[in-house]
Amino acid sequence: MISINFFKRQFLQIRQERFSVYWLKVGGLRRILQLPLYVLAVPVVIVIRLISPFFLVRMGALISLRIGHFATNTELYLCERDAGINVPKQRYIDLFHLAHRPICNRQLAIMWKRVLHIWPSWLLDPVILVNRMIAGGTAHEIGDNSQGDIDVHNLLERFPPHLQFTIEEEASGEAGMRAMGIPEGARFVCLIVRDSAYLETLFQKNQLEFSYHNYRDCDIQNYVLAAEELAERGYFVIRMGVKVKTALKTKHPQIIDYAVNGMRSDFMDIYLGAKCEFCITVGTGFDSVPFIFRRPIVNTNYVPLGLLSTSSRQFLAITRNHYSVSKNRMLTLREIFDGGVGFSYASSEYEAHGIKLIENTPEEIRDVVIEIVKILSGTWQPHEDDETLQNRFWEIYPCEAVNVSNGRPLHGEIRSRFGAQFLRDNRDWLR
C-alpha cells in the first residue's frame, strides 16, 4: 500500500519545484488512477480491430501545450484531409484528445472541438496506449502531417480556414476591440516579438528544456520605428504576447501594448490574430493564429534561415545577419548554408560555429513592413533590378532541402518573397 509519507514527499517536491514537477507528478498519479481504464480499454481495442475491415477508427493527440503546433499542425491536418493526403481509402473516423496540460489557449481548444472529434484524455489515452501495446495497431494511429507545421503541399492557398467565430464570439471580439480603443472598421496589425519570459514562467525550474532556442529572442524596442510608421499611416498596432519581459516604449495613441495592459485573454488572442490586416513576427508561436486564418505575415529577424515559411504569396521575410567571428565579417547567403548554420536549431550550434546573430535594424524592419503595406494596397512599385535580386536569392536558397530526421521536404512550391529593400542594401550578400 502507498504510504502517507509517499504523498507527503510528492507534495513537498511539488511545492519546492513548482510547475514542472507538478505536471510530472500529476501525470504519474493519473496513470495509477487510470489503471482500471486500461483494463477496460482492452475490449474496446479488440472491437476496434474487429470492425476495421468495414470502418477504421484512428486515434491521436493534438499538441495542446504550444500554440504554434496546436494551431498550425491541426489546421494542416484538416487541409490534408480535404486534399485527400494521408487519409485512409476506406470509411474512417479520427478521434483526438488534448495531450498536454496546461492547454496553451482555451479558445482555440473550444474552436477545434467544433470541427474535430475531441474526446477527454482520460478516456482516449488508455485506448491509444493499449492499442500500441498490442501488435498491429499502427493502422489505428492518425500519425503526423506530411511535415508537421510546414505547408509543404501549399494547401493554405487552396482551402479556406476551418475555424469560424460564432455570432456571439464576433460580438465579444468587436466589444473587446472597442474597449481597447480601436474604432469600428479601423485597420490594425498584430506585432509579436519573441522573448523567453513566457517559457521561463511556464516551465520555471525546467526552463532549460526550451532555453536552447533563446537565439530567437529579439529586442521589442527595435520595432518601435515600424510601429510608429504604421500608426502614422492610420493603422493601429497591437503588441501581442502572453507574458513579456519589457513594455513597448512609445507614446503613440494608436500603438497598444496589449501584452502588458491587462486586457489580454485567450479569446482576444485568437480574435485579433484572425482579424488583423497582417502580422509582424520573428517566427514564434502566436503567428500561427494569423497563419491558420490566412492573414499576411511579415517575418523579421527570421532564423534558422532554412526554415522560412515559403508556401504562400502572403508571406514576406527578412533574416538576421550572421557575423563570423573567425572571418571578422558578415557571412554571405551561400556561406550561411555551406557553413552549416542555415538549419541550426540551438544557440549552442551558432556558438560552436563562431556565429553571432545580428538583429535587424529598426530601419530594416520598417522597410519590410512598408513593403507589405504597399503590396497589400496595390501601390508597390518594384525597382528595375528587384526581380533579378529576388531570383538570385532563391537560386542560392536550398529550396530542395529535406528534414534530416525523416527525409521529408521542408518546402513545397516557393511562393513567398524576400524583402526587396534588404536585398538592395545587401547585394554582396548574394555573391
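Residues numbered from 1 in each chain as written. Predicted model: local features only at pLDDT ≥ 70, side-chain atom pairs only at ≥ 80, totals over all residues. Heavy atoms only, no water.

Colleague: Is there a simple way to explain helix 7 (residues 167–179) in this structure?
Modeller: An α-helical turn contains 3.6 residues, so any two residues separated by three or four positions project in the same direction. The terminal C-alpha atoms of helix 7, which comprises 13 residues, lie 19 Å apart, in line with the 18 Å expected from a rise of 1.5 Å per residue. Looking only at helix 7, the buried set comprises E169, G173, G176 and M177. End-on view of helix 7: buried residues confined to an arc of 100 degrees, all on one side of the axis. In this structure, helix 7 carries I167, E168 and A179 as exposed residues pointing more than 90 degrees from its buried face. The secondary structure elements touched by the buried residues of helix 7 are helix 5 (106–115), strand 4 (188–191) and helix 11 (266–275). Immediately downstream of helix 7, the backbone of G181 shows phi near 95 degrees, a positive value. (Helix = DSSP H or I, 4+ residues; strand = E, 2+ residues; numbered from the N terminus. Expected span 1.5 Å × (residues − 1). Buried < 20%, exposed > 50% of the residue type's maximum accessible area, 1.4 Å probe, protein only. Arc of directions from axis to C-beta. Contact = heavy atoms within 4.5 Å.)

Colleague: Can you walk me through the environment of A317 in this structure?
Modeller: Within the secondary structure, A317 is located in strand 9 (residues 315–319). Once you skip the residues sitting within four places of it in the chain, A317 turns out to touch N299, L308, R417, F418 and G419.

Colleague: What is the right way to look at the nonpolar core in this model?
Modeller: Across soluble globular proteins, nonpolar side chains have a tendency to be buried as a group. Counting residues in each nonpolar core, the largest one holds 54 residues, and the members touching the most others are L230, F278, L305, F393, F418 and W429. Apart from residues lying up to four places away in sequence, F278 is in contact with F188, V189, C190, L230, Y235, P296, V298, V369, I372, V373 and L376. Membership of the second largest hydrophobic core comes to 51 residues, among which are A71, I182, I192 and F291. (Core = buried A, V, L, I, M, F, W, Y, C linked by side-chain atoms within 4.5 Å.)

Colleague: Is there a simple way to think about the side chain of E364 in this case?
Modeller: The residue E364 is located in helix 15 (residues 362–377) in this model. Among buried Asp, Glu, Lys and Arg side chains, E364 stands out as unpaired, with R320 the closest opposite charge at 9.7 Å. Only 2.9 Å separates the side chain of E364 from the backbone nitrogen of T361, close enough to count as a polar contact. (Lys, Arg positive; Asp, Glu negative; His and termini not counted. Salt bridge = Lys/Arg side-chain N within 4 Å of Asp/Glu carboxyl O. Polar contact = N/O pair within 3.5 Å; in protein donor to acceptor, adjacent residues only side chain to side chain.)

Colleague: I would appreciate a short explanation of the sheet that holds strand 10 (residues 321–324) in the present structure.
Modeller: Strand pairing in a sheet relies on backbone hydrogen bonds, with the paired strands running either antiparallel or parallel. Across the sheet, which stays open at both edges, the 3 strands sit in the order 11-10-12 with antiparallel pairing between neighbours. At either margin of the open sheet sits one strand with a lone partner, and together these are strand 11 (329–330) and strand 12 (355–358). Examined bridge by bridge, strand 10 and strand 12 share 4 bridges and lie antiparallel to one another. Looking at the pairing, Y323 lines up with K356 of strand 12. (Pairing = 2+ DSSP bridges.)

Colleague: I tried to follow the pattern of salt bridges on my own but got confused; where do I start?
Modeller: When the charged atoms of two side chains with opposite charge come close together, those side chains can pair. Applying the stated criterion to the full structure yields 20 salt bridges. Where D269 meets R264, a salt bridge forms, and the shortest distance between an N and an O atom there is 2.9 Å. A relative accessible area of 6% places D269 in the buried class. In this structure, E413 and R415 form a salt bridge, with 3.2 Å as the shortest nitrogen-oxygen distance. With relative accessibility at 43%, the residue E413 sits in the partly exposed group. Salt bridges sharing partners connect three or more residues here, namely E157, R313, E413 and R415.

Colleague: Which parts of the structure should I look at to understand the confidence of the model for the protein chain?
Modeller: A low pLDDT score tells you not to read the predicted coordinates there in detail. Model confidence for the protein chain is summarised by a mean pLDDT of 90, while 88% of its residues fall at 70 or above. Taken together, the stretch residues 1–26 has pLDDT below 50 and engages in 21 contacts with residues farther than four places along the chain or on a different chain. (pLDDT = per-residue confidence, 0-100.)

Colleague: Hey, could you run me through unusual backbone geometry in this one?
Modeller: Most peptide bonds adopt trans geometry, and most residues besides glycine take a negative phi value. That bond from R101 to P102 is cis: its omega, 0 degrees, falls within 30 degrees of zero. Examined against the element boundaries, P102 turns out to sit in the loop between strand 2 (92–98) and helix 5. In this structure, the amide linkage connecting V303 to the following residue, P304, adopts the cis form with an omega of -5 degrees. Note that P304 resides in the loop between strand 8 (297–302) and strand 9. Even without being glycine, N154 reaches a positive phi, approximately 55 degrees. Mapped onto the elements of the fold, N154 is located in the loop between helix 6 (121–133) and helix 7.

Colleague: How should the packing of helix 4 (residues 67–83) against helix 5 be read in this particular structure?
Modeller: Where helix 4 contacts helix 5, the two axes come as close as 11 Å, and the packing angle between them is 15 degrees. By the criterion of interaxial angle, the relationship of helix 4 to helix 5 is roughly parallel. Like other packed secondary-structure pairs, helix 4 and helix 5 cross with a definite hand, here left-handed. Residue-level contacts link I67, F70, A71, T74, E75, L78 and R81 of helix 4 to L108, A109, W112 and V115 of helix 5. When the residues that make up the contact of helix 4 with helix 5 are grouped by side-chain class, the tally is 8 nonpolar, 1 polar and 2 charged. (Axes fitted to C-alpha atoms, helices over the stretch in contact; angles between N-to-C directions. Parallel < 35°, antiparallel > 145°, perpendicular 65-115°, else oblique. Left-handed = near helix turned anticlockwise from the far one by under 90°. Nonpolar A, V, L, I, M, F, W, Y, C, P; charged D, E, K, R; others polar.)

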